[in-house]
Amino acid sequence: MDLEAAKVIGAGLAAIGVGVASAGVGFVFGSFLQGALRNPGAADGQQGRLFIGFAAAELLGLIAFAVAMIILYAV
Amino acid sequence: MAAESKIDPMHQFQISGISGAIDGSPFVFTNSALWMLIVLGSITLFMWGGLKRQIIPGRWQAAVEGFVEFISGMAISSIGKEGRAYIPWIFTIFVFIIFSNYLGMLPLSVVGPHPFTVTSQFTITGLMAIMSFAIVLIVGFWKHGLHFFSLFVPHGTPKVMLPLIVPIEFVSFMVRPFSLALRLFVAMIAGHILLDVFGNFIVNGITSGTAVGYAISAISFVFIVGVNALELLVCGIQAYVFALLASLYINDAVHLH
């Protein structure tokens, strides 16, 4: 296999991580909604924590994307 | 398939000189600098319009006050009463990020020049992250002296676990500016690449002149409208998350867990 083909395959494999992170982000918001619908009064106070969880889950997907871009353009 | 153009999504992030070339002289007025000036100008205009100090605020003043109250509420709720001192810095990065995100989304290329997203450059986001981190370090050492290192030892950790916990806490502390900068810049890059690729699909489908090409153009057009809406949401969320995490890190320095 030449380097060009290996690069494209590697970038595609790295992009799987983005999809997995989307499951993580969905889980964060889904869990927040579950809690918020049971106790709507407490929901507004927890929005900061919601976005911290979202940021942590999203960061890992973005790192996977960055790895794919590095493989495609920088290696 | 006639005139199929190669899709080059990274071209929009290239920094090019407006006055003179980039290679020789160290002082070049680039498109990045131009868009930072535009961001500065629109922030100045926005804030200046809201500084009339009327008792019953008009629409513009209400918008500016909404911005300020949003950030000061966030800073005070996450740092506490001492948070008032850090509102200027948090407000500055929030407004700069949100303005440059939204100005980079403007569809100006329909009529002429391409907008340049300032926050899609790692140097810009990295500098803001390093400055936030420097505030954390300076405030931490100023307030607590060498006691600041107890940040690496969470409350109630058993003595046996210390050799394991302290390196983990140290790494997670040191990686903060990096993750702060990476999140914003990669989110911006990813969104703009997506928009560029699907925009190219539309154009290539129409220029191909076949029925399949037209169908692909139509599907891509519907998709790109949705992606645009998502990007507008992400622009706001990323600015909010950056400001929120910066204030949480400052809270660590002020209160040591």
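Residues numbered from 1 in each chain as written. Chains lettered and ligands numbered in written order. Predicted model: local features only at pLDDT ≥ 70, side-chain atom pairs only at ≥ 80, totals over all residues.

(A) Here's a closer look at the overall build of chain B. Across its full length, chain B holds seven helices and two strands. A compact globule built from 257 residues would reach a C-alpha radius of gyration of about 18 Å, whereas chain B, at 23 Å, exceeds it by more than 25%. Here the C-alpha coordinates of chain B stretch approximately 70 × 55 × 45 Å along the principal axes. The proportion of buried residues among the 257 residues of chain B is 25%. The long-range fraction of contacts in chain B, counting pairs at least 24 apart against all pairs at least 6 apart in sequence, stands at 62%. (Helix = DSSP H or I, 4+ residues; strand = E, 2+ residues; numbered from the N terminus. Rg over C-alpha atoms; globule rule 2.2 N^0.38 Å. Buried ≥ 20, exposed ≤ 12 C-beta atoms within 10 Å, placed from the backbone. Contact = placed C-beta atoms within 7 Å.)

(B) How the structure looks around the overall build of chain A. Broken down by element type, chain A carries four helices and zero strands. Counted from the first residue to the last, chain A has its helices and strands arranged as α-α-α-α. Whereas a compact globule of 75 residues would reach a radius of gyration of roughly 11 Å, chain A reaches 17 Å, over 25% beyond that. Buried residues in chain A amount to 11% of all 75 residues. Taking as baseline every contact in chain A between residues at least 6 positions apart, the subset at least 24 positions apart corresponds to 94%.

(C) Structural context of the nonpolar core. Judged by nonpolar contacts, the single largest core of 47 residues is most densely connected at I93, F242 and A243 of chain B. Put simply, the parts of the chain that give this core at least two residues each are α4 (47–74) of chain A together with α2 (59–79), α3 (87–104), α4 (122–144), α6 (176–208) and α7 (211–255) of chain B. By residue number, the principal contributor to this core is α7 of chain B, which donates twelve residues. When sequence neighbours within four positions are dropped, the list of residues in contact with F242 of chain B reads I93, I97, L180 and L184 of chain B. (Core = buried A, V, L, I, M, F, W, Y, C linked by C-beta atoms within 7 Å.)

(D) View of the packing of α4 of chain B against α7 of chain B. Residues and elements named next belong to chain B. One way to put it is that α4 packs onto α7 with a least axis distance of 8 Å and a crossing angle of 15°. The orientation of α4 relative to α7 falls into the category roughly parallel. Note that α4 runs across α7; the crossing there is right-handed. Taking contact as the criterion, the partners of S132, I135, V136, V139, G140 and K143 in α4 are, on α7, A246, Y249, I250, D252, A253 and V254. Across the contact of α4 with α7, the residue classes tally to eight nonpolar, two polar and two charged. (Axes fitted to C-alpha atoms, helices over the stretch in contact; angles between N-to-C directions. Parallel < 35°, antiparallel > 145°, perpendicular 65-115°, else oblique. Left-handed = near helix turned anticlockwise from the far one by under 90°. Nonpolar A, V, L, I, M, F, W, Y, C, P; charged D, E, K, R; others polar.)

(E) Spatial organisation of the environment of T207 of chain B. Residues and elements named next belong to chain B. Topologically, T207 is positioned in helix α6. A count of 14 C-beta atoms within 10 Å places T207 in the partly exposed class. Expressed as a C-alpha distance, the spacing of T207 and S217, which sit ten residues apart in the sequence, is 9.9 Å.

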